[in-house]
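What follows is the residue order along each chain.
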Amino acid sequence: MAVKDRDRFSTATRLRLLGEQTAARVYRSQTKRQARRSRLTGRAALLALVVCTMVVALAYPMRQYVSQRAQIADLQRQQQKAQQRVEQLRDLKARWQDDAYAEQQIRRRLHYVMPGETGYIVIDPGAAQQSRAYRGAADRPWYANVWDGVDKSDASDQ
């Protein structure tokens with residue numbers, strides 16, 4: 001037992017025990033740090049910052065791109081409608097170049113007849129009652145009657 005007691009108090013034994021105790025403390029502190037350590041590392045935080053910066057930097061140009069594409073699509077639709085209108089007007093112009101079509105329109109719109117023909121106008125009974133409703137035109141000022149006549153003639157052209 002004397003050898004064990006002497007061994008117990010020797011410097012090498014004490015240093016070895018001190019090293020084991022220190023190693024145990026370091027191991028315990030490292031495991032506690034690892035348990036407390038968040039999963040967000042410096043690299044992950046930097047990556048998240050770069051991604052957010054890219055999203056913010058690209059948001060405005062993407063919005064502009066989308067709005068310009070919508071504007072281009074709208075202008076193309078307008079161009080297509082204008083092209084259709086031009087085609088309709090060309091067809092109408094070609095029809096008016098034909099003398100038979102012009103004569104037909106003159107007879108229908110202006111009630112012209114050829115020499116030797118008798119012209120008849122058939123009056124719609126509903127239109128006759130409508131004209132009776134306008135007999136109160138004498139009570140209105142003259143310029144209201146003129147304006148109504150202009151409106152009626154403009155509506156009949158369309």
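Residues numbered from 1 in each chain as written. Predicted model: local features only at pLDDT ≥ 70, side-chain atom pairs only at ≥ 80, totals over all residues. Heavy atoms only, no water.

Engineer: Any chance you could explain the pattern of salt bridges here in plain terms?
Structural biologist: Side chains bearing opposite charge may pair, as long as their charged atoms lie close to each other. All chains considered together, the criterion is met by five salt bridges. Linking glutamate 87 and arginine 90 is a salt bridge whose minimum nitrogen-to-oxygen distance equals 3.4 Å. One end of the pair, glutamate 87, and the other, arginine 90, are both in helix 3 (residues 42-97), three residues apart, so they sit about a helical turn from each other. One salt bridge connects arginine 107 with glutamate 117, and the closest N-O pair in it is separated by 3.0 Å. You can see arginine 107 sitting in helix 4 (residues 99-110) and its partner glutamate 117 sitting in the loop between helix 4 and helix 5 (125-133), a full 10 residues away along the chain. Residue glutamate 117 is classed as partly exposed on the basis of its relative accessible area of 39%. Each member of the salt-bridge network shares a partner with another, and the members are Glu103, Arg107 and Glu117. (Salt bridge = Lys/Arg side-chain N within 4 Å of Asp/Glu carboxyl O. Helix = DSSP H or I, 4+ residues; strand = E, 2+ residues; numbered from the N terminus. Buried < 20%, exposed > 50% of the residue type's maximum accessible area, 1.4 Å probe, protein only.)

Engineer: Honestly, unusual backbone geometry in this entry has me stumped. Any pointers?
Structural biologist: For residues that are not glycine, phi is negative in most cases, and the peptide bond is trans in most cases. If you check the backbone angles, histidine 111 has positive phi at about 60° while not being a glycine. Note on placement: histidine 111 falls in the loop between helix 4 and helix 5.

Engineer: When you look at the packing of helix 3 against helix 4 in this model, what are you seeing that I'm missing?
Structural biologist: Each pair of packed helices can be summarised by the angle the axes make with each other and by the distance between the axes. Where helix 3 meets helix 4, the closest approach of the two axes is 5 Å, and the angle between their N-to-C directions is 90°. In terms of orientation, helix 3 and helix 4 fall into the roughly perpendicular class. Taken together, the residues of helix 4 that come into contact with helix 3 (itself represented by Leu92, Arg95, Trp96 and Gln97) are Asp99, Tyr101, Ala102, Gln105 and Arg109. Class assignment of the residues belonging to the contact of helix 3 with helix 4 gives a composition of four nonpolar, two polar and three charged. (Axes fitted to C-alpha atoms, helices over the stretch in contact; angles between N-to-C directions. Parallel < 35°, antiparallel > 145°, perpendicular 65-115°, else oblique. Contact = heavy atoms within 4.5 Å. Nonpolar A, V, L, I, M, F, W, Y, C, P; charged D, E, K, R; others polar.)

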